[in-house]
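Structural characterization, general
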Amino acid sequence: MGLHIVKRENCPLWKRCCFYLIAVLVALGIGSVILLAIGVNPVAYYTRMFTLGTIGNKIAYKTYINYLKDFVPLALTSLGLSLAFKMRFWNIGGEGQFIMGALAASAAAILLGNTLPSAAVLLLICVAAMAAAGLYGLLVAALKVKFGTNETLLTLMLNYVAVYLLNFLMGTKAGWNFYLNANELRPVPQKHPDSSLFPTIPMGGKFELNICVILVFVIGLLIYVYLKRTKQGYEINVVGDSIGTARYAGMKTNRIVLRTVFFSACLIGLAAAFKMGTVGTLSTSITADVGWTGIIVAWLAQLNTWVIFAVSALISMLHYGSTVAAATFKQVDSSFANMLQGFILFLVLAADFMIRFRIVRTRKEDRNG
Amino acid sequence: MKKTLALLLALVMMLSLAACGGDPETKDEFKVGAIYINSKSDTAGYTFAHHNGITTAMKSLGMDTDKQLVIVDNVPEDKQAVLDAVDTLVSNGADIIFGISFGYIDALEEASKEYTDVIFSHGTGYKANETNFNNYFGRIYQARYLAGIAAGLKSLETGNNNVGYVAAHTTDYAETASGINGFALGVQAVNPNAKIYVKNLNNWADEINEKAYAEELINSFGCGVISQHCDSAQPQIAAQNGKVFGCGYNSDMTADAPKAHLTAAIWNWNVYYATAIKAAQACEGDASKFVEKMGGNAYYGGLKEGFVDVSPLTENCAKGTKEAIEAVKKLMVDGEWDVFTGVKLNISVDAEGKVSVTKTNAALESNGLQYKDGNFKAPMENTVVVEAGGASVDDGVIKGSMNYLVKGVEEV
């Protein structure tokens, strides 16, 4: 008798969903044990978490608006990362690219916000952010193509360059530093003019839908079509599967890598533009870690465009919901949310293993036979 | 397997049942909301000091911190993050919201306009309105001056005129500059030959360098007393390891370095929180009366209110320290004298331990350098800040625009 791992052929969708569901439930179960141990009623906690604290909440519309503000940059960043990942280009530089995009968007908003009409400013913010982030990503792709450098290390290290640049700009009060409010005694970020904020659509009641939410779904559709229906999308897949095959087939692989990484980083820059265009003030925590969380989302979604939206929605809910829930339970601090997220991720990955493989009992003679 | 399934099913049912139930918010009691920069379960440091202050104040007012306190913690200085936290607290029925970190300033100002029925109170900030938004901070420089006296007397006792100071920031923040200056003036009032060396961490929390810089001050600059403006007790521990002495900050650091610690400049945040919560309750639901009830929109308490103080003196202190500090403290509590004026105190302790404090008119002078546009060593044309005999600099300077260090202090 022994255990044997066998590749599973064609796991049906319902079974896959079941595995994932069980993984999430087990994670919540572990969370409940911890909650019980610190004297918190898990049911009460999870109820608050999954309803985002909207039950009996007079300003529930605010919760939905805030939740969507978390969701949009995460989904878009994750989409951007998935493009590069599809090609097996390990872009770990989402944070850095997001920061570069945010800096460019903020510069455009502060310097031009009061001189141009709103539509032009918004367009410029997006273009500037995409260009800045795109070039920051392209730099790594170019080095990889030209000198064969390791993109994981380079994108990772460039994150820190961006983080410290942002910290420097946010902490250094000086005449040239337009990112800070010149009228303040201490370093306080400059608020963007109203013309640089994305418009919102009233949806009845006090809820207003930010146009970025619609745009992000449109972009999702475009990316889906790009990947599934265009030659360039096909090329990305081939390069990802086997760069040798791509070369043999006469594809200009260097060009494909450069182009795709640029696109990938551009989308992350656009996520930064959307964030800057809704928040309207830069800060050292502007990324809210989407560059990191985006990687997790992309992998959990197995790089599937639509699943990325679903996973982003869930992760944002987990994150936002835990903060809301933690506010009412004095024993639980916001670190609990991170821990729970960790449990869910690990168990979903375990479920993923169970979907791809199955464990069978084997007898000795069977194995020989 | 069956057991696991059953357990899972039970869990699902529990969750779905709970989702149907819900808990309607009952709002009959006063609720306090707080936004913290670090975790509410911290056991030391800045957030801990505030959390401790809020809970102590609430308990002293007979409030239930389990039910009447809601907190969003680990909130970075990011506008959206702060506004999200405000929304969460308001939706939980908070009547007054305290934000403890400086970078919350613009978000809280905006929130105070949106939620006019909620009171907003911002620690370390300088923005406010005339109705529901105030700021609060304390005259910690007064406590630092007293700690400086302890350090100065120790330097006389040991015969070592070099005093070190590990600072999160220096002249780029009035908060740190006024702290360094208050301490230095206290040292100089006792030991006019003292030299104060300041190391700039350029970071509000950096335990590794807090230790390393203290060691550098001890080993390379020969400092015999180490003071600090940073969260951790690392500089005090370094002082103990280097067999020198030290003055802590924020809370009594004697337990961290029993052989080195003299006294610490400390905050009693509960003093403000109790005052603010009482004022907020007195508004009886009309948040716009808060500033009026507080008697102004910028609370700036000092030794007089008990908001700042020095921790109990240890046995490491030189003879006469207690008497000297008590005498000077009385001057400040009674409002007879303050630190940043054109009047200097000369404090001496004779061989029998008898303390004498005399006032002399003398100009308050800077060391000739100021912070400007990212340059820490921009020249200062007029080094006289206050003429001899002149009145104190404005509170606005101490809180906001002090960008120089006094004579005898050197940033190294």
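Residues numbered from 1 in each chain as written. Chains lettered and ligands numbered in written order. Predicted model: local features only at pLDDT ≥ 70, side-chain atom pairs only at ≥ 80, totals over all residues.

**Quick word on the overall build of chain B**
Looking only at helices and strands, chain B has 12 helices and 19 strands in total. By the compact-globule yardstick of 22 Å for 412 residues, chain B fits well, its C-alpha radius of gyration being 24 Å. Once the C-alpha set of chain B is aligned to its principal axes, its extents read approximately 80 × 55 × 45 Å. With 412 residues in all, chain B has 54% of them scored as buried. The contacts in chain B between residues at least 6 apart in sequence include a share of 66% that link residues at least 24 apart. (Helix = DSSP H or I, 4+ residues; strand = E, 2+ residues; numbered from the N terminus. Rg over C-alpha atoms; globule rule 2.2 N^0.38 Å. Buried ≥ 20, exposed ≤ 12 C-beta atoms within 10 Å, placed from the backbone. Contact = placed C-beta atoms within 7 Å.)

**Points about the overall build of chain A**
For chain A, the count of helices and strands is 14 helices and four strands. A globule of 369 residues ought to have a C-alpha radius of gyration of about 21 Å, and chain A, at 23 Å, matches this closely. Counting only C-alpha atoms, chain A reaches 80 × 60 × 40 Å along its principal axes. Burial status across chain A gives 45% buried among its 369 residues.

**Observations concerning the sheet that holds strand β1 (residues 32-35) of chain B**
Residue and element names in this part refer to chain B. Reading across the sheet, the six strands line up as β2-β1-β3-β4-β5-β11 and stay open at both edges, with parallel pairing between neighbours. The open sheet is flanked by β2 (69-72) and β11 (298-301), the only strands paired with a single partner. Across the sheet, the mean angle from the axis of one strand to that of its neighbour is 20°, orientation sign disregarded. Sheet topology note: the β1/strand β3 (residues 96-99) ladder contains four bridges and is parallel. Considered in β3, the bridge of Ala34 is made with Phe98. (Pairing = 2+ DSSP bridges. Axes fitted to C-alpha atoms, helices over the stretch in contact; angles between N-to-C directions.)

**Remarks on the interface of chain A and chain B**
Each side of the interface is counted separately: chain A has 38 residues, and chain B has 41 residues. Listing elements by their share of the side of chain A that touches chain B, those giving two or more residues are α1 (13-37), α2 (42-50), α3 (60-86) and α12 (305-328) of chain A.

**Considerations on the sheet that holds strand β9 (residues 245-250) of chain B**
Residue and element names in this part refer to chain B. Spatially, β12-β10-β9-β8-β6-β7-β19 is the arrangement adopted by the seven strands of the open sheet, whose pairing is mixed. Looking at the sheet topology across the chains shown, the edges are occupied by β12 (308-310) and β19 (409-411). Neighbour-to-neighbour, the strand axes of the sheet open up by a mean angle of 20°, direction not taken into account.

**What to know about the environment of Val140(A)**
Residues and elements named next belong to chain A. Tracing the sequence through the fold places Val140 in helix α5 (residues 118-147). In this structure, the C-alpha to C-alpha distance between Val140 and Asp241, residues 101 residues apart in sequence, is 21 Å. Apart from residues lying up to four places away in sequence, Val140 is in contact with Gly93, Glu151, Leu154, Thr155, Leu158 and Val261.

**So, the nonpolar core**
Grouped together as the largest cluster of nonpolar side chains are 234 residues, with contacts concentrated most on Ala105(A), Ile125(A), Ala129(A), Ala133(A) and Ile149(B). Element by element, the count of residues in this core is highest for helix α10 (residues 253-279) of chain A, at 16 residues. Counting the residues that make up this core, at least three belong to each of domain 1 (32-125 + 269-301) and domain 2 (141-264 + 312-411) of chain B. Excluding its chain neighbours within four sequence positions, the residues that come into contact with Ala129(A) are Gly101(A), Ala102(A), Ala104(A), Ala105(A), Gly269(A), Leu270(A), Ala272(A) and Ala273(A). (Core = buried A, V, L, I, M, F, W, Y, C linked by C-beta atoms within 7 Å. Domains from an automatic or database assignment.)

**What about the domain arrangement of chain B?**
Residue and element names in this part refer to chain B. Domain annotation for chain B reports domain 1 (32-125 + 269-301) and domain 2 (141-264 + 312-411). Computed from C-alpha coordinates alone, the two centres of domain 1 and domain 2 are separated by 31 Å. Across the contact, five residues belong to domain 1 and five residues belong to domain 2. Its residues placed into classes, the side of domain 1 that touches domain 2 shows three nonpolar, two polar and no charged. (Nonpolar A, V, L, I, M, F, W, Y, C, P; charged D, E, K, R; others polar.)

**Topic: the packing of helix α5 (residues 140-158) of chain B against helix α11 (residues 321-333) of chain B**
Residues and elements named next belong to chain B. Packing of α5 against α11 leaves a shortest axis separation of 10 Å and a crossing angle of 155°. Classified by the angle between their axes, α5 and α11 sit roughly antiparallel to one another. The two elements α5 and α11 meet at a crossing, and its hand is right-handed. Residues Gln142, Leu146, Ile149, Ala150 and Leu153 of α5 form the contact with α11, whose participating residues are Thr321, Ala324, Ile325, Val328, Lys329 and Met332. (Parallel < 35°, antiparallel > 145°, perpendicular 65-115°, else oblique. Left-handed = near helix turned anticlockwise from the far one by under 90°.)

**A word on the packing of helix α4 (residues 94-112) of chain A against α10(A)**
For any two helices packed against each other, the geometry is given by the interaxial angle and the distance between the axes. Residues and elements named next belong to chain A. The contact between α4 and α10 brings their axes to 8 Å, and the two run at 50°. Classified by the angle their axes make, α4 and α10 are oblique. Between α4 and α10 the crossing geometry is right-handed. Here α4 contributes Gly94, Gln97, Phe98, Met100, Gly101, Ala102, Ala105, Ser106 and Ala109 to the contact with α10, which in turn contributes Ala265, Ile268, Gly269, Ala271, Ala272, Ala273, Lys275 and Met276. Looking at side-chain class alone, the contact of α4 with α10 contains 11 nonpolar, five polar and one charged residues.

**So, the environment of His122(B)**
All names here are of chain B. When you line up the elements, His122 lands in strand β4 (residues 119-123). A residue is classified by how many C-beta atoms lie within 10 Å of it, and His122, with 27 of them, is buried. Separated by 20 residues in sequence, His122 and Phe102 have C-alpha atoms that sit 7.7 Å apart. When neighbours within four sequence positions are excluded, His122 is seen to be in contact with Gly99, Tyr104, Ile105, Leu108, Lys127 and Asn135.

**Observations concerning unusual backbone geometry**
Residues and elements named next belong to chain B. Although it is not a glycine, Asn74 adopts a positive phi angle of roughly 55°. Mapped onto the secondary structure, Asn74 falls in the loop between β2 and α3 (79-91). Positioned with a positive phi, Asn202 is a non-glycine residue whose angle comes to about 55°. Its 14 C-beta neighbours within 10 Å are what place Asn202 among the partly exposed residues.

**Looking at helix α9 (residues 269-282) of chain B**
Residue and element names in this part refer to chain B. A rise of 1.5 Å per residue sets the reference length of α9, with its 14 residues, at 20 Å; its end C-alpha atoms lie 20 Å apart and thus fit the reference within 8%. Within the span of α9, buried status applies to Trp269, Asn270, Val271, Tyr272, Tyr273, Ala276, Ile277, Ala279 and Ala280. Of the residues one or two after α9, Glu284 is the one with positive phi, at around 50°. (Expected span 1.5 Å × (residues − 1).)

**Notes on the pairing of β1(B)**
Residue and element names in this part refer to chain B. Side-chain alternation along β1 places Val32 and Ala34 on one buried face and Gly33 and Ile35 on a second face that is also buried. Sheet topology note: the β1/β2 ladder contains four bridges and is parallel. Each residue of the ladder has a partner; that of Gly33, found in β2, is Val70. As a crossover connection, the stretch from β1 through helix α2 (residues 46-60) into β2 is right-handed. (Right-handed = clockwise from strand over helix to strand, strands pointing away.)

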